[in-house]
Every structure is written in C-alpha cells, then in structure tokens.
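Secondary and tertiary structure notes
Below are the chains, spelled out letter by letter.
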Amino acid sequence: MSTIRPMRPDDLFKISSTNLDHLTETYHIGFYLEYLTKWPDLCRVIEGMDGRIEGYILGKLESSPYAPPVPPYSPDTNPDPNYLPWHGHITALTVAPSARRLGHASRLSEALEQQSDAANAWFVDLFVRASNEIAKELYRKMGYSVYRRVVDYYNDREDALDMRKPLSRDTDRKHVRENGEDIRVMPGDVW
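What you are looking at is a predicted structure, and each value in this text was computed from that prediction instead of being measured.

What counts, and where the lines are drawn
- Residues numbered from 1 in each chain as written.
- Predicted model: local features only at pLDDT ≥ 70, side-chain atom pairs only at ≥ 80, totals over all residues.
- Heavy atoms only, no water.
- Phe/Tyr/Trp six-rings, centres within 6.5 Å; stacked < 30°, edge-to-face > 60°.
- Buried < 20%, exposed > 50% of the residue type's maximum accessible area, 1.4 Å probe, protein only.
- Helix = DSSP H or I, 4+ residues; strand = E, 2+ residues; numbered from the N terminus.
- Pairing = 2+ DSSP bridges.
- Contact = heavy atoms within 4.5 Å.
- Axes fitted to C-alpha atoms, helices over the stretch in contact; angles between N-to-C directions.
- UniProt positions renumbered as here; feature names shortened; annotations may be inferred.
- Expected span 1.5 Å × (residues − 1).

Take the packing of aromatic side chains next. Under the counting rule described, the total for this entry stands at 12 aromatic pairs. Seen from their ring centres, Phe31 and Tyr32 are 6.5 Å apart, and the 90° between their planes marks the pair as edge-to-face. Residue Tyr32 is classed as buried on the basis of its relative accessible area of 4%. Geometrically, the ring pair formed by Phe31 and Tyr35 is tilted, given 4.9 Å between the ring centres and 35° between the ring planes. In this pair, Phe31 and Tyr35 are both assigned in helix 1 (residues 29–38), 4 residues apart and thus about one turn of the helix distant. An aromatic cluster is built from Tyr27, Phe31, Tyr32, Tyr35, Trp39 and Tyr56, whose rings are joined through pairwise contacts.

It is worth spelling out the sheet that holds strand 1 (residues 3–6) at this point. Taken in spatial order, the 8 strands of this open sheet run 1-2-3-4-5-7-6-8, and their pairing is mixed. With partners counted over all chains shown, the strands left at the sheet margins are strand 1 and strand 8 (184–185), one partner each. Looking at chain direction, strand 5 (residues 123–129) and strand 7 (residues 160–166) are connected through 7 bridges and run antiparallel. In the strand pairing of strand 7, Phe127 is matched with Asp162. Against the sheet, helix 1 contacts strand 3 (53–62) and strand 4 (87–95), and its axis sits at roughly 65° relative to strand 3. Across the sheet, helix 3 (residues 133–141) lies against strand 4, strand 5, strand 6 (145–150) and strand 7, angled at about 165° from strand 5, the strand it touches most.

The next thing to look at is the UniProt feature "domain: N-acetyltransferase" (unreviewed entry) in the protein. Look at the UniProt record and you will see "domain: N-acetyltransferase" (unreviewed entry) annotated at residues 2–168. Along residues 2–168 the backbone is 20% helical and 28% strand, and the end-to-end C-alpha distance reaches 28 Å.

The subject of this paragraph is the environment of Ser116. Within the secondary structure layout, Ser116 lies in helix 2 (residues 104–118). Residue Ser116 is classed as buried on the basis of its relative accessible area, which comes to 0%. Ignoring anything within four residues of it in the chain, the contact list for Ser116 reads Leu61, Gly88, Ala121, Val124 and Leu167.

Given a rise of 1.5 Å per residue, 15 residues ought to cover 21 Å, and the 21 Å separating the end C-alpha atoms of helix 2 matches this to within 8%. Among the residues of helix 2, His104, Ala105, Leu108, Ser109, Ala111, Leu112, Glu113 and Ser116 are the ones counted as buried. Immediately downstream of helix 2, the backbone of Asn120 shows phi near 65°, a positive value.

Now the structure itself:
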C-alpha cells in the first residue's frame, strides 16, 4: 500500500515521473524549496511500496497581503468579494499516470485540508485550467465548487477556475457560491 509522508528535499529528484502530462504545471527547484521551507506541513508525497514517488501536493496557508476592508475580518462585514481571508491553497497536486484512479489525489488533498482546518482556515482553494474536465470533476467529487473564473490566468491565456472547499470555520458556507463560473475576474483581482 502507498504511504503519505512529508516531502523531503531529496524527493525533488524523484518526482519527474509524476509531471509527465501536459496539464501538470512544473516549477523550478527553487520554487519547490521555498514551499518546503515556508510550509513543510503542507508539502506531501505519496510513496509506493517500491519507494517510487507516485504523487505529491504543494500547499500553503495565506491571506491577502493587505488588511481586511473592515477589521477584524468577518464574511458578514466584508465588502470586497476579492479579499482573501486566511485559507489553505493547493498550489500543485499531481499523481503519476501509472498511479491514477487509486485515490491518491483525494488522500493528498484530505491531508492538506486537515492541516488547513487545524490552522483555523476558512476554506481551501485551488486553480484549475477551465479545459481540464478530468480535474474539475475530481475536485467536484471531493467537495470543491467554482467560486470564480479568472480570465487569461495562464501564460497561454487560458482561463482558470478558482475552486473552493469550505472548512469547519465556515459554518454558514459564506466563502463558496452557486454559479461561480459566471463570475469573471481578471488575474489582478485575485490577490
């Protein structure tokens, strides 16, 4: 059986087989190391019995870099729909083609969601290419919904869908909404 464990710096030399499909965003080694340094509890790998890395997740905890419009933050008094309160973010989630459909993505996501919930985050979010039907369906099955469409988000000008899953702090589900694909924002509005 495969095991989830914390990512280590030497794992970066073993993850190339997980990045083989064209929809997986890949980053330079410094990017991965920054995540390992700043958010080690949110960087995990899933390792097969043979020691091979079958998937990984990179995540972080963050909020908008400016103070809430009405401090302290409350979803009931926040007038800015683009303000991001304290939340978990999935930066990268990928599973090697040979290890797909085994529940690895769900297990990795659940680990990050649990860590974010323990840190009192409001929700977990992620960005997915609007054309990536397989990933969108996977995230929907895991309880994520589209909050907004970010127009021209990727370098090739494809739109991203900002998908969110509320955590236990968001008891009234104020950080998710219906018809999120119809809410269009520009990349500069996201932060």
